[in-house]
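Here is how the chains run, residue by residue.
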Amino acid sequence: MNRWIQKYLDKANLLASPVQIVVFYYLSLIVVTSLLLCIPFFKQPGVNISFIDTIFMAVSTVSVTGLTTFPLEQVYNQNGIVLLEILFQIGGFGITMLSTFILVIAGRRIGLQQRRLIQTDMNQPRLSGNVRLVYTIFGIMLAIQAVFGVIFSCYLYARDGFEHLAKSIFDGFYISISALTNAGFDITGQSIIPYSKDYFFLFLIMILIFIGGLGFPVIIEVLAWIKMTWFRPGNQKFRFSLFAKLAGSFAVGFFFIGTILIFLSENNGYFANKTVIEKTITAMFYSVTTRNAGLQINQIGDFNTTTLLIFSILMFIGASPSSVGGGVRTTTIGILGLYLLSFIRGHKNVNVFNRRIHENDIQKSIVVVNLSILMCLMAVFILSITENQSLISLIVEVTSAFGTTGLSTGITSSLSVIGKMVIIILMFVGRVGMLYMLIFFVSKKDRDEKYRFPSEQIIIG
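Remember, it's a predicted structure, so these values are computed and weren't measured experimentally. (Residues numbered from 1 in each chain as written. Predicted model: local features only at pLDDT ≥ 70, side-chain atom pairs only at ≥ 80, totals over all residues. Heavy atoms only, no water.)

> Lay out the nonpolar core in plain terms, naming residues and giving numbers.
Of all hydrophobic cores here, the largest spans 69 residues; its most connected members are Tyr76, Ile423 and Leu426. Tyr195, Ile205, Ile209 and Val396 belong to the second-largest nonpolar core, a separate cluster that totals 46 residues. (Core = buried A, V, L, I, M, F, W, Y, C linked by side-chain atoms within 4.5 Å. Buried < 20%, exposed > 50% of the residue type's maximum accessible area, 1.4 Å probe, protein only.)

Structural data, given as structure tokens:
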């Protein structure tokens, strides 16, 4: 049987590109997840969910989005919640990373094709070192979840005085996993609203969300820098890659920009009767959570239209590449911004951190951003026809799905079948990536022409 499966996979590898195989893996995972969510063992007694809602939930889980068409606590029992936690891990880390880690633990040899899949799924520029990267990241992320899970469990037990320690442990680890994987699923019906003024709790949540959306390669480089600087001090200087510098800079930059815009937008609105500290912490929290986590400390409808538009922009941008988040990614928007700035200044090259950004990366950024905007606009247009909702609610829903964030003004459960299908497509594309979805439909053979036509200038602007 194993030989037949391996023979089938080898044949598939010859017919499909690594990108096509990765997309196929995620589609297969959605099918498996849908079947698992239908099993009565994971559901409350007597609960029946429609087919479209099951598919919606499966895609939202695999893409770690957090949008749901029904209250989770009313549909799934504790076994179902545990299943969701496992699926968060698979969706957040990526199916190829998880499968590689299992093969390493089992002592199996990682072949060339599996290494190529890892390289594709994690957006790595090189083939070498990816297997080591996988089990290093997997171990680090599990350790972070464990440490914060213990902290949350002890804190919840001491703060709320739960009747049983087991519940504190369960909720603490669920929050840790949900925040780090940027899943944001609400199993209580209140998200983390009861802790809206618990700044220590919110600070820990923000740290986990930021780590999850920073990008796996960046985390590895930061840890290597800490190891070399603190534990092995010497004359050797650690050099961060250009990707790590850009991803870290853009992540911090978008965080501060989002915080300032939200603060100013709601200063005379929702924040009017709050202290400066409350305003700042709330603005900081939503600047982080809108970039992928989807956790909330108050009802989204409390904010004005301008703030909801800011949320939509942040959700559209999303997290860094090779992270648990979706959207167009921070480096994509950042490179596009640097290109526009260089063009305005009359520079032919985009230079940053004493390096020149490759023309192919600039071209990809332009294509991804433009197609993503077009896709979201088409989705809003379709939903404006099929749904009887305000335009701003539809914009929030669309960008939340594409950015795999999970925030909503509360219209998800009332979407029509067509509306749910649109959101399903957006969640899947947001998780896999617009660029990969384009490559998915391209033949594995190289289609570049071996010749060039004469160029001719045209009038622009």
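> Residue-level account of the packing of aromatic side chains, with values.
Two aromatic rings are characterised by how far apart their centres lie and by the angle between their planes. Using the criterion set out here, one finds 19 aromatic pairs in the structure. Look at Tyr270 and Phe303: their rings are 5.3 Å apart centre to centre, the planes differ by 65 degrees, and that puts the pair in the edge-to-face class. With a gap of 33 residues between them, Tyr270 in the loop between α12 (242-266) and α13 (276-289) and Phe303 in the loop between α13 and α14 (305-317) connect regions that are remote in the sequence. What links up through ring pairs into an aromatic cluster is the set Phe148, Phe152, Tyr155, Tyr195, Phe200 and Phe201. (Phe/Tyr/Trp six-rings, centres within 6.5 Å; stacked < 30°, edge-to-face > 60°. Helix = DSSP H or I, 4+ residues; strand = E, 2+ residues; numbered from the N terminus.)

> Which residues make up the pattern of salt bridges, and what values do they have?
In the structure shown here, the tally under the stated rule is three salt bridges. Linking Lys420 and Asp53 is a salt bridge whose minimum nitrogen-to-oxygen distance equals 2.7 Å. Of this pair, Lys420 sits in helix α18 (residues 417-432) while Asp53 sits in helix α3 (residues 51-62), placing them 367 residues apart in sequence. Of the two residues, Lys420 and Asp53, both sit in the buried class. For Glu359, the salt bridge goes to Arg356, with nearest N and O atoms at 2.9 Å. We classify Glu359 as partly exposed; its relative accessible area is 42%. (Salt bridge = Lys/Arg side-chain N within 4 Å of Asp/Glu carboxyl O.)

> With reference to specific residues and values, describe helix α17 (residues 391-402).
For α17, with 12 residues, the first-to-last C-alpha span of 17 Å sits near the 16 Å given by 1.5 Å per residue. By the criterion of burial, α17 is predominantly enclosed, with 10 of the 12 residues buried. Within the span of α17, buried status applies to Ile392, Ser393, Leu394, Val396, Glu397, Val398, Thr399, Ser400, Ala401 and Phe402. Taken from the residues just after α17, Thr404 is the one with a positive phi, measuring 50 degrees. (Expected span 1.5 Å × (residues − 1).)

> How would you sum up a nonpolar patch on the surface? Please name residues and give values.
There is a patch of nonpolar side chains on the surface, built from Phe381, Ile382, Ile385 and Ile418 and spanning about 410 Å² of accessible area. By the secondary structure assignment, Phe381 is in helix α16 (residues 359-386). (Patch = residues over 30% accessible without salt bridge, like charges linked within 9 Å, V, L, I, M, F, W, Y side chains within 5 Å. Areas by Shrake-Rupley, 256 points an atom, 1.4 Å probe, with all protein chains shown as cover.)

> Account for the side chain of Arg431, with residues named and values stated.
You can see Arg431 is positioned in helix α18. A relative accessible area of 8% means that Arg431 is categorised as buried. Polar contacts involving the side chain of Arg431 include one to the side chain of Tyr26, which spans 3.4 Å. Filtering out sequence-adjacent residues up to four positions away, Arg431 remains in contact with Tyr26, Val62, Ser63, Gly91, Gly92, Phe93, Gly94, Arg329 and Thr404. (Polar contact = N/O pair within 3.5 Å; in protein donor to acceptor, adjacent residues only side chain to side chain. Contact = heavy atoms within 4.5 Å.)

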